[in-house]
Amino acid sequence: MLETLSYTLKAIVPILLIILLGYIVRRIGHWSDDFYKQLNQLCFRLFLPVQLFCNVYAIDDLSTMNWCVIGYLFCGILACALVGVLAAKALVPKRLQKGVIVQASFRSNQAVLGLPLANSLGGDAAMGFAALSTSVSVPLFNVLAVLVLTLYGSDEGHKPTAKEVAGRVARNPLIIGAMSGVIVVLIRQLIPTIDGVPVFTIRNQLPIIYDTINRLSVVSSPVMLFVLGTRLDLTAVGSILPQLTLGVTLRLIVSPLLVIGTAVLFRETLNLTPTELPSLITITSTPVAVSSAVMVQELGGDDQLASQMVVWTTILSAITIFCIVYILRLSGLL
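Colleague: Teacher, can you tell me more about the overall build of the protein chain here?
Modeller: When its secondary structure is counted, the protein chain shows 14 helices and two strands. Compactness check: the protein chain gives a C-alpha radius of gyration of 20 Å against a globular reference of 20 Å for 334 residues, within 12% of the reference. The principal-axis extent of the C-alpha atoms belonging to the protein chain is close to 65 × 45 × 45 Å. Residues classed as buried in the protein chain amount to 52% of the 334 residues present.

Colleague: Is there a simple way to think about helix H14 (residues 303–330) in this case?
Modeller: Because each turn of an α-helix spans 3.6 residues, side chains separated by three or four positions end up pointing in the same direction. Counted at 1.5 Å a residue, the expected span for H14 with its 28 residues is 40 Å, and the 39 Å between its end C-alpha atoms agrees. A distance of 3.2 Å separates the backbone nitrogen of glutamine 304 from a side-chain oxygen at the start of H14, and that oxygen is part of aspartate 302. One or two residues past the end of H14 sits glycine 332, with phi positive at roughly 80°.

Colleague: Explanation requested: the packing of helix H3 (residues 67–91) against helix H5 (residues 110–152) in the structure shown.
Modeller: The axes of two packed helices give the description: the angle between them and the distance between them. It is the contact of H3 with H5, at a shortest axis distance of 10 Å, that shows an interaxial angle of 25°. Taken as axis vectors, H3 and H5 run roughly parallel relative to one another. Between H3 and H5 lies a crossing of right-handed hand. Between H3 and H5, the residues in contact are Trp67, Val69, Ile70, Leu73, Phe74, Ile77, Leu78, Ala81 and Val85 and Phe129, Leu132, Ser133, Val136, Ser137, Leu140, Phe141, Leu144 and Tyr152, respectively. Residue classes in the contact of H3 with H5 are distributed as 16 nonpolar, two polar and no charged.

Colleague: So what exactly am I meant to see when it comes to the nonpolar core here?
Modeller: A general tendency of soluble globular proteins is for nonpolar side chains to be buried together. Formed by 92 residues in total, the largest nonpolar core has its most connected members in Ile101, Phe106, Leu277, Leu280, Ile281, Met309 and Leu328. The element contributing the most residues to this core is H5, with 21 residues. Once residues within four sequence positions are removed from consideration, leucine 280 is found in contact with Val69, Tyr72, Leu73, Val259, Ile260, Ala263 and Leu272.

Colleague: Could you clarify how one ought to interpret the environment of tryptophan 67 in this entry?
Modeller: Here tryptophan 67 lies in helix H3. In sequence terms tryptophan 67 and phenylalanine 129 are 62 residues apart; their C-alpha atoms lie 10.0 Å from each other. Those residues within four positions of tryptophan 67 in sequence are excluded, and the remaining contacts are Leu62 and Leu132.

Colleague: Sorry if this is basic, but what is going on with helix H10 (residues 241–265) here?
Modeller: Here H10 contains 25 residues, and its C-alpha end-to-end distance of 34 Å stays within 8% of the 36 Å for a straight helix at 1.5 Å per residue. By the largest-angle criterion, leucine 250 marks the main kink of H10, which is about 40°.

Colleague: Sorry if this is basic, but what is going on with empty space enclosed by the protein here?
Modeller: Think of a ball as big as a water molecule: rolled over the atoms, this probe shows where empty space is left. All told, the structure shown has two cavities of 30 Å³ or more when counted by the stated rule. Here the largest cavity defines a volume of roughly 100 Å³. When contributions to the lining of the largest cavity are tallied by element, the ones reaching two or more residues are helix H1 (2–28), H5 and H14. By residue class, the composition of the lining of the largest cavity is eight nonpolar, three polar and no charged. Within this model, the second largest cavity holds a volume of roughly 40 Å³. Considering the residues around the second largest cavity, the lining is formed by Ile70, Leu73, Phe74, Ile77, Ser133, Val136, Ser137 and Ile283.

Colleague: How should the side chain of threonine 313 be read in this particular structure?
Modeller: Its place among the elements puts threonine 313 in helix H14. Overall, threonine 313 belongs to the buried group, its relative accessible area being 0%. Here valine 288 takes part through its backbone nitrogen, which lies 3.2 Å from a polar atom of the side chain of threonine 313. Of the polar contacts made by the side chain of threonine 313, one reaches the backbone oxygen of valine 310; its length is 3.3 Å.

Rules used throughout
What you see as residue numbers is a count from 1 along each chain, following the sequence as written. pLDDT decides what is reported in this predicted model: residues at 70 or higher carry local features, side-chain atom pairs at 80 or more are listed and counted, and totals for whole chains, interfaces and linings draw on all residues regardless. Excluded from the side-chain calculations are hydrogens and water; all other atoms, namely the structure's heavy atoms, are used. The way it works is that DSSP assigns letters per residue, a run of H or I at least four long becomes a helix, a run of E at least two long becomes a strand, and they are numbered from the N terminus. Atoms counted for the radius of gyration: C-alpha only. Globule rule: 2.2 Å times residue count to the power 0.38. Each residue is assigned to one of three classes by its accessible area relative to the maximum for its type, calculated with a 1.4 Å probe on protein chains only: buried under 20%, partly exposed between the two thresholds, exposed over 50%. Given the number of residues in a helix, its expected span is that number minus one, multiplied by 1.5 Å. In protein, a polar contact requires one atom able to donate a hydrogen and another able to accept it; more generally it is a pair of N or O atoms within 3.5 Å, and residues adjacent in sequence count only if both atoms are side-chain atoms. The axes used here are C-alpha line fits, helices contributing only the stretch in contact, and every angle between their N-to-C directions lies in the interval 0 to 180 degrees. Roughly parallel means an angle under 35 degrees; roughly antiparallel means over 145; roughly perpendicular covers 65 to 115; every other angle is labelled oblique. Crossing handedness is read from the near helix: turned anticlockwise from the far helix by less than a right angle, it gives a left-handed crossing, and turned clockwise, a right-handed one. Throughout, a residue-residue contact means that at least one pair of heavy atoms, one from each residue, lies within 4.5 Å. Only Asp, Glu, Lys and Arg are considered charged in this grouping, and only Ala, Val, Leu, Ile, Met, Phe, Trp, Tyr, Cys and Pro are considered nonpolar; every other residue, Gly among them, is considered polar. Grouping buried Ala, Val, Leu, Ile, Met, Phe, Trp, Tyr and Cys residues that are joined through side-chain atoms within 4.5 Å yields what is termed a nonpolar core. Values of bend correspond, residue by residue, to the angle between axes fitted over the seven residues ending at that residue and the seven starting there. As defined here, a cavity is a set of points on a 1 Å grid over the protein atoms alone where a 1.4 Å probe fits but cannot get out. A pocket is an open set with protein on both sides within 12 Å along at least five of seven lines, and residues line them when an atom is within 4 Å of a point. Grid points are joined across faces, edges and corners, and a volume is the space filled by probe spheres set on the points.

Everything listed here is a matter of coordinates, which is why it stays silent on function.
Written out as structure tokens, the structure is:
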């Protein structure tokens, strides 16, 4: 039991400490809000895409990946969204709050918190699978979010067309980074080999470029976690407490129980291993993505509820993720 506790603490506490550092520096530092916003944009548009590229590129052969689990994750996200729709319809009276609740049910902070957590739980192999999972989950998150927020958005807001939705998804830096890695790996598998080694790879023939990209990718996780801490704002929740409680419950309890619980029950059918399980944890158990609040502002919705959802799922996820990892480790699944 002590070994399980030690494993769980080592996986989660360093991530929480970096977030806490960001929160403290934001309160006692002298940098402006614009500085943190620009730093966040730099990470989102450069460091994170590079990290995703490197993680996917590190996969030797895409055919060895457990695509059954990838398909299961895709279906799991859709199932979480459906549960969110049913919960919002039954329990949320205000139209502009329904979309926020539904988005919270399925949209996790996979890119910022998920990747470093997967690395902590399963090492490089789990990190590579998590990056591949991100290439599937991030497009789905974006498409579902646009559809849901358009459905429940204000009548006066702009309703994006299918072309605009497709363009927004295609231009997402995270998708570009992950899919670039997939394309390079596919090309690498078509290149002639000598003794099983491709005659040309970025790592071997262009080591300077490879090392540069790798160094950039290392920057991503700590900086993004730090910036996430600077964005925490513990303001009063007031009249939105019932809706906030519902959204937090869907994101941190219902979604993990639904997706992870079902996967564990059918783990032999899915051929689920400690390499894939961290991706299920990160996609279903991490807090609501920071970008979700921005999308609510753009498409219409209760932006105060959306912002508080990000704050409180981030804070409370420290407890729920710890419990999930501890139980799975104690069960011998991690």
